[in-house]
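What the coordinates show
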Amino acid sequence: MDQKFMKQNILLINPWIHDFAAFNLWVKPLGLLYIGAALKHAGYSVEMIDCLNYNSGIKRNRTYSTGHFFSQEIEKPDIFRNVPRRFKRYGMPLDEFRDVLKRKKTPILICVTSHMTYWYPGVFEAIKAAKEIFQLTPVALGGIYATLCNEHAKINSGADYVIKGPGERQVIELADHLAGVKRDNRVIERDLQKDISPAYELYDKLKSVSIITSRGCPFSCSYCASSRLNSEFISRKPEVVIAEIERFIENLGVKDIAFYDDALFVNPKEHIIPILKGLINNNRKIAFHTPNGLHPRYINSELTDLLYRAGFRTLRLSFEGLSTTIQDASCNKVNCRHLENALSCIMKTWQSAKKQFTDPKPWRVGIYILIGLPGQKVEEVKESISYIHKIGGQIRITEYSPVPTTREFGKALKLCPEIETEPLAHNKSTFTTIGMGIDYKEYQNLKNMANELNMISKKRQEVNL
Ligand code: B12
Ligand code: SF4
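The structure contained in this document is the topic of the report that follows.

Conventions and cut-offs
Residues numbered from 1 in each chain as written. Chains lettered and ligands numbered in written order. Predicted model: local features only at pLDDT ≥ 70, side-chain atom pairs only at ≥ 80, totals over all residues. Heavy atoms only, no water. Salt bridge = Lys/Arg side-chain N within 4 Å of Asp/Glu carboxyl O. Helix = DSSP H or I, 4+ residues; strand = E, 2+ residues; numbered from the N terminus. Buried < 20%, exposed > 50% of the residue type's maximum accessible area, 1.4 Å probe, protein only. Core = buried A, V, L, I, M, F, W, Y, C linked by side-chain atoms within 4.5 Å. Domains from an automatic or database assignment. Contact = heavy atoms within 4.5 Å. Near = heavy atom within 4 Å. Polar contact = N/O pair within 3.5 Å; in protein donor to acceptor, adjacent residues only side chain to side chain. Nonpolar A, V, L, I, M, F, W, Y, C, P; charged D, E, K, R; others polar. Pairing = 2+ DSSP bridges. Axes fitted to C-alpha atoms, helices over the stretch in contact; angles between N-to-C directions. Phe/Tyr/Trp six-rings, centres within 6.5 Å; stacked < 30°, edge-to-face > 60°.

1. Some points on the pattern of salt bridges
- Counting across every chain of the model gives 21 salt bridges.
- The salt bridge partner of Arg98 is Asp95, with a shortest N-O separation of 3.2 Å. With Arg98 and Asp95 both in helix 2 (residues 94-102) and three residues apart, the pair spans about one turn of that helix.
- Across the pair Arg183 and Asp176 runs a salt bridge, and its minimum N-O distance is 2.6 Å.
- Residue class for Asp176 comes out buried when judged on its relative accessible area of 6%.
- Where salt bridges share partners, they join Asp95, Arg98, Lys128 and Glu132 into one cluster.

2. Considerations on the nonpolar core
- By size, the foremost hydrophobic cluster in this structure holds 89 residues, and its most contacted members are Leu12, Leu39, Phe312 and Leu317.
- Considering each element in turn, this core owes the most residues, eight residues, to helix 1 (residues 30-41).
- The residues that make up this core include at least three from each of domain 1 (3-192) and domain 2 (208-460).
- Beyond its immediate chain neighbours, meaning those up to four positions away, Leu317 contacts Leu294, Pro296, Ile299, Leu339, Ala342, Leu343, Ile346, Val365, Gly366, Ile367 and Tyr368.
- Counting residues in each nonpolar core, the second largest holds 34 residues, with Phe20, Ile74, Ala129 and Tyr145 among its members.

3. A look at the site of ligand 1
- In the vicinity of ligand 1 lie 38 residues, with Thr113, Thr117, Ala225, Asp262 and Glu399 positioned nearest.
- Measuring from an oxygen atom of ligand 1, one finds a side-chain N or O atom of Tyr118 at 2.8 Å.
- In the environment of ligand 1, an oxygen atom lies 2.9 Å from a nitrogen or oxygen atom belonging to the backbone of Gly167.
- For the shell around ligand 1, the elements supplying multiple residues, two or more each, are helix 1, strand 8 (109-112), helix 8 (226-229), strand 15 (287-294) and strand 18 (395-399).
- Looking at the shell around ligand 1 element by element, the count peaks at three residues for helix 1.
- Grouping the amino acids of the shell around ligand 1 by side-chain chemistry returns 20 nonpolar, 11 polar and seven charged.

4. Observations concerning the sheet that holds strand 14 (residues 256-259)
- Pairing is parallel across the open sheet formed by six strands, whose spatial order is 11-14-15-16-17-18. Bordering the open sheet on either side are strand 11 (208-211) and strand 18, each of which pairs with just one other strand. Neighbouring strand axes in the sheet, compared pairwise and without regard to direction, differ in orientation by 20° on average.
- Across four bridges, strand 11 lies against strand 14 in parallel orientation. Note that in strand 14 the partner of Ser208 across the bridge is Asp256.

5. Let's talk about the sheet that holds strand 6 (residues 71-73)
- As summarised here, the arrangement of the three strands in space is 2-7-6, forming an open sheet in which the pairing is antiparallel. Two strands in the sheet have a free side with no partner beyond their single neighbour: strand 2 (17-19) and strand 6. Direction aside, neighbouring strands of the sheet carry axes that sit 25° apart on average.
- One ladder, built from three bridges, connects strand 2 with strand 7 (residues 88-90); its direction is antiparallel. For Asp19, the partnering residue across the bridge sits in strand 7 and is Lys88.

6. Overview of the packing of aromatic side chains
- Applying the stated rule across the entire model yields 20 aromatic pairs.
- When the ring of Tyr120 is compared with that of Phe124, the centres are 4.8 Å apart and the planes differ by 50°; the resulting orientation is tilted. Taken as a pair, Tyr120 and Phe124 lie in helix 3 (residues 120-133) at a separation of four residues, close to a single helical turn. Neither residue differs from the other here; Tyr120 and Phe124 are each classed as buried.
- With 5.1 Å between their ring centres and 25° between their planes, Phe288 and Phe312 make a pair best called stacked.

Functional significance is not addressed by these values, which are geometric in nature.
Right, here's the structure in full:
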């Protein structure tokens with residue numbers, strides 16, 4: 001490889017969220033950080049602007065490094081004119097972003113990531129601002145929106161390259177092309193197989209990181225695009241994961257680590273159990289969290305004991321719903337027996353933790369139910385909410401967002417043809433009412449019902465199950 005081309009500068013951008021609400025549940029641009037790591041690995045110099053990493057100076061109490069983003073109200077897109085809620089840009093003010101951009105060296109390439117399909121306006125805003133300042137630099141767009149709404153992104157985003165799917169190899173090829181670097185393709189493959197870690201060193205200061213120990217999912221629920229985003233289910237080696245966590249604690253001083261896996265507990269004996277044993281052995285005083293739903297079918301007492309001892313404190317379990325329709329749509333990955341057994345193991349572990357440890361930190365456990373699937377009935381949702389309350393769980397409502405390429409998308413399309421051409425219509429807060437054919441008040445009533453029952457459970461229990 002010709003060394004004179006190396007150390008050329010590439011700028012990464014994680015854009016804002018434009019939405020009605022956004023909460024920082026260990027949100028990190030993990031995909032972009034993998035892109036950054038791959039580019040560094042290939043010899044490029046990389047800088048990043050994370051629009052969501054903005055401290056406005058307002059002090060807030062944050063539990064386990066979660067909290068609110070800085071936000072500013074912006075004009076509501078016309079499609080949401082009848083939604084009685086304020087629309088906001090979450091993350092740093094636009095002018096501040098422009099100022100930060102102006103202070104950067106001119107890059108040979110700007111890499112912009114994207115997350116939820118309905119967050120694309122923040123992506124377009126970032127591309128536009130970057131192009132105003134670096135007029136001659138090409139922009140590459142990748143990530144979930146760019147993959148699932150590829151044509152929409154190609155036509156409307158203003159990016160010069162719109163890249164689908166896992167981008168590590170593709171972005172190196174693009175950068176090499178722009179820099180005029182000739183590299184043997186086999187070298188790229190071999191280097192990426194060294195199992196790179198996300199480039200968190202691009203941040204000045206961090207309290208938490210999010211990591212991923214596997215890509216993809218062996219299930220194929222009708223409403224989920226996991227298998228389209230990653231065609232295979234691939235797990236990283238436990239020892240590699242443990243070493244990565246050690247480096248993040250040692251080098252970055254983080255106190256909280258969240259797992260972004262779709263299927264963290266699959267093949268437990270080969271995967272999560274050795275990871276947990278390694279973490280227990282290293283005995284670090286940090287907390288682990290799983291904001292993405294876990295599969296209760298794999299949970300038993302051995303697993304909950306190891307999870308607690310390793311420092312796992314926030315657990316979210318996927319239940320989705322009580323009806324057979326929703327359990328079928330979810331590949332029957334979970335049923336009531338799995339869920340009740342999981343809760344009982346979690347409770348037993350807590351009882352024994354109280355006896356074993358002085359000042360044990362309680363679990364924070366929530367059970368996800370999915371609402372807003374096309375044709376779902378209000379009564380069905382109420383039954384699921386009541387059931388979770390009855391078995392002593394905290395209800396966490398997740399609203400359905402139609403995801404292109406999924407089987408459920410076809411059903412959603414019949415109720416709302418706009419989702420085909422306008423990704424804003426995938427917004428989870430607005431589609432729920434359409435999916436269930438209810439008005440905003442009825443939807444709020446369901447959320448209020450869950451909140452009230454959660455308050456009752458909280459008063460009754462010392463552990464937030
Ligand atoms: C972790 C996760 C979350 C986390 C946080 C995510 C975040 N950072 O914002 C939490 C738990 C908070 C979350 C919440 C939700 N999520 Co979510 N989430 C995921 C998940 C499991 C993983 C995303 C991830 O980080 N992957 C790991 C990284 C390494 O992969 P990646 O980002 O794709 O990056 C790769 C490529 O895309 C590419 N790439 C990325 N950037 C770039 C840039 C360039 C230049 C290039 C070339 C390439 C490139 O290369 C990267 C490396 O290989 C995905 C499913 C999945 N398997 O992807 C769902 C997913 C994104 N979520 C989804 C949904 C539905 C939701 C919720 C709406 C659920 C709900 N009802 O509450 C909420 C939305 C929150 C909100 N406020 O609206 C949907 C998407 C919906 C949509 N319409 O877009 C997905 C796809 C799951 C699904 N159902 O199919 N989620
Ligand atoms: S919803 Fe969960 S279990 Fe189902 S395919 Fe997606 S990631 Fe896998």
